[in-house]
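Spelled out, the chains give:
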Amino acid sequence: MFRLRAPGKKPITITTTTTTTTTASTFLYWSPESSPTAVSSPTSMDPIIWSGLPNHILDHILSFLPFKTLVSLRSISRHLRSLILSTTFLSDHSFSLPSFLLLSHPQSFQSFPLFDPTLHSWRTLPLPRSLSLTCASSLLSSSSHSLLCFSLSPSSASSLSVFNPLTRSSRSVKFPFYPFPYELLSLVASADGYRIFTLCSSGASRSVYLYDSGDRSWRKFGGVDHVLPRGFNQDGVFYNGSLYFVRSEPFLLVSVNLDDGKWTTATGDGVFPAEDEITFARLVSDSEKKILYMVGGIGSNGICRSIKIWEFKKETENWIEAETLPEIVCRKFTSVCYHNYEHVYCLWHKEMICVCCYNWPEILFFHVGRRTWHWVPKCPSLPEKWSCGFRWFSFVPSLSVSA
């Protein structure tokens with residue numbers, strides 16, 4: 001047990017233990033103001049000594065520390081931060097962070113309910129006071145690397161806020177101009193940064209705007225009016241370097257390359273998997289295995305009678321049927337959405353294809369590996385009066401990604 005003290009900083013007490021993992025019930029309640037509590041009188045360590053330790057010795061010491069202590073240590077010095085966040089350290093030491101389905105609602109903006117599919121239990125994700133006071137209760141998007149994107153209150157409507165709940169890091173992203181009437185916003189993150197995609201209407205035309213966290217700048221591209229109609233409200237899905245959309249009447253597979261803003265459309269044989277009438281279609285993507293799926297309703301006269309899942313085979317550019325929703329489950333889901341399929345959206349979360357509805361607080365999900373269907377139960381903390389505006393997001397905590 002010892003203390004690390006940097007010039008001008010409060011000392012942080014380190015209690016060495018053999019625990020290197022954290023659980024769902026503890027890491028969500030960490031706050032940057034808290035520090036580990038010593039169980040006995042610690043021994044102060046001269047900053048000159050610990051700052052001069054070789055990296056392999058520091059790495060060995062850090063490997064014994066609890067996860068919450070590592071999070072606190074990031075602010076001690078740039079040297080410790082770079083070591084803790086290095087690819088080598090994160091890959092060599094396993095932190096068993098759980099992943100969650102996050103529920104957002106217009107009436108809830110100080111905290112979010114989280115569902116852990118592994119433990120089949122609920123948690124709460126509190127927002128820091130500085131963010132909860134400025135956010136207009138609108139979580140717009142999430143990424144596969146734990147980042148959340150918020151729209152700010154009308155008084156700060158000239159920017160967005162990108163936030164990592166685990167590291168408590170956030171950044172304000174200013175719009176290229178004001179007012180900026182955006183739509184279809186998507187946050188796409190990677191190990192070295194993130195990009196924000198959105199459409200903006202200016203007069204009679206619309207344009208694509210792409211923000212890159214690397215150079216903190218926006219780029220503008222055209223061509224969207226030729227491929228996506230006005231009023232289109234389904235978010236894009238990131239796959240193979242592009243953002244994909246599926247539109248109806250007629251059904252088209254549309255994609256935009258996030259590097260050059262070029263649009264591509266696909267239609268004809270092999271693009272859509274069934275000759276039956278498709279009442280709705282939604283896309284999801286497994287970013288780790290780079291697989292694109294389609295969830296579609298099959299029926300007639302605009303009424304869905306069955307729901308199927310197809311997998312896109314890149315080698316043959318064909319859709320292969322992977323699963324059909326059991327009839328009794330299909331009947332329940334179609335009664336939930338009242339055959340208003342504009343309310344239906346889908347997302348990918350850790351081997352699960354989740355089928356959601358804006359006016360229903362439950363999720364229907366298909367576990368791809370086990371080939372089983374399940375319902376996520378209604379959150380017990382939700383008041384009965386909440387009847388619409390439910391938005392679900394995949395939340396996979398990550399220590400290595402900063403906003």
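Shown above is the structure to which this text applies.
Peer 1: Tell me about the overall build of the protein, and please be specific about residues and values.
Peer 2: Scanning the protein for helices and strands turns up eight helices and 27 strands. By the burial criterion, 50% of the 403 residues in the protein qualify as buried.

Peer 1: Explain the sheet that holds strand S19 (residues 277-286) to me, and be specific about the residues and the numbers.
Peer 2: Whenever strands of a sheet pair, they do so through backbone hydrogen bonds, lying parallel or antiparallel. Strand order in the open sheet formed by four strands is S19-S20-S21-S22, with antiparallel pairing between adjacent strands. The open sheet has two edge strands with one neighbour each: S19 and strand S22 (318-324). Each strand of the sheet is rotated relative to its neighbour by a mean of 30 degrees, with strand direction disregarded. With eight bridges connecting them, strand S20 (residues 291-300) and strand S21 (residues 303-313) associate as antiparallel partners.

Peer 1: Talk me through the packing of aromatic side chains; I want residue IDs and the actual numbers.
Peer 2: Ring pairs (aromatic) are described by centroid distance and by the angle formed between their planes. Summed over all chains, the structure comprises 23 aromatic pairs. Arranged with centres 5.7 Å apart and planes meeting at 5 degrees, the rings of Tyr293 and Trp348 form a pair that is stacked. Taken together, the residues Tyr293 in strand S20 and Trp348 in strand S23 (residues 344-349) connect sequence positions 55 residues apart. Here Tyr293 matches Trp348 in class, with each residue buried. Here Phe312 and Trp319 contribute two aromatic rings whose centre-to-centre distance is 5.0 Å and whose plane-to-plane angle is 55 degrees, an arrangement assigned as tilted. For the residue pair Phe312 and Trp319, the accessibility class agrees, reading buried in each case. An aromatic cluster of three or more residues is present, and its members are Phe175, Phe177, Phe180, Tyr182, Tyr194, Tyr209, Tyr211 and Trp218. Lys332 extends its terminal NZ or CZ atom over the ring of Trp375, reaching a point 4.1 Å from the ring centre.

Peer 1: Any details on the pairing of strand S17 (residues 252-257)? Residues and values, ideally.
Peer 2: Counting buried residues along S17, five of its six residues qualify, which places the element largely inside the surrounding structure. Inspection of the sheet shows strand S16 (residues 242-247) paired to S17 by six bridges, in the antiparallel sense. For Tyr244, the partnering residue across the bridge sits in S17 and is Ser255. As consecutive antiparallel partners, S16 and S17 are separated by four residues, and within that stretch Glu249 has a phi angle of approximately 50 degrees, a positive value. Examined bridge by bridge, S17 and strand S18 (residues 263-266) share four bridges and lie antiparallel to one another. Looking at S18, one finds that Leu253 is bridged to Ala266.

Peer 1: So what's going on with helix H8 (residues 327-337)? Which residues, and what values?
Peer 2: When we look at burial in H8, the residues that qualify are Val329, Cys330, Phe333, Thr334, Val336 and Cys337. Down the axis of H8, the sector holding all buried residues measures 150 degrees, keeping them to one side. Summarising the geometry of H8, the exposed residues directed more than 90 degrees from the buried face are Glu327 and Ile328. Those residues of H8 that are buried are in contact with S21, S23, strand S24 (352-357), strand S25 (360-367) and strand S26 (372-376). Trailing H8 by a residue or two, Tyr338 shows a phi angle of about 55 degrees, which is positive.

Peer 1: Now, about helix H3 (residues 55-62): what can you tell me, with residues and values included?
Peer 2: Burial in H3 covers these residues: Leu58, Asp59 and Leu62. Along the axis of H3, the buried residues cluster in a sector spanning 105 degrees; they form a single face.

Peer 1: If you had to explain the nonpolar core to someone new, which residues and values would you point to?
Peer 2: Residues Ile307 and Ile353 are the most contacted members of the largest nonpolar core, which totals 24 residues. Sorting elements by how many residues they give to this core places H8 first, with five residues. Ignoring anything within four residues of it in the chain, the contact list for Ile353 reads Val284, Tyr293, Val295, Ile309, Leu347, Trp348, Leu364, Phe365, Phe366 and Val368. Residues Leu140, Leu160, Ile196 and Ala403 belong to the second largest nonpolar core, which totals 19 residues.

The rules we used
Residues numbered from 1 in each chain as written. Predicted model: local features only at pLDDT ≥ 70, side-chain atom pairs only at ≥ 80, totals over all residues. Heavy atoms only, no water. Helix = DSSP H or I, 4+ residues; strand = E, 2+ residues; numbered from the N terminus. Buried < 20%, exposed > 50% of the residue type's maximum accessible area, 1.4 Å probe, protein only. Pairing = 2+ DSSP bridges. Axes fitted to C-alpha atoms, helices over the stretch in contact; angles between N-to-C directions. Phe/Tyr/Trp six-rings, centres within 6.5 Å; stacked < 30°, edge-to-face > 60°. Lys NZ or Arg CZ within 6 Å of the ring centre and 35° of its normal. Arc of directions from axis to C-beta. Contact = heavy atoms within 4.5 Å. Core = buried A, V, L, I, M, F, W, Y, C linked by side-chain atoms within 4.5 Å.

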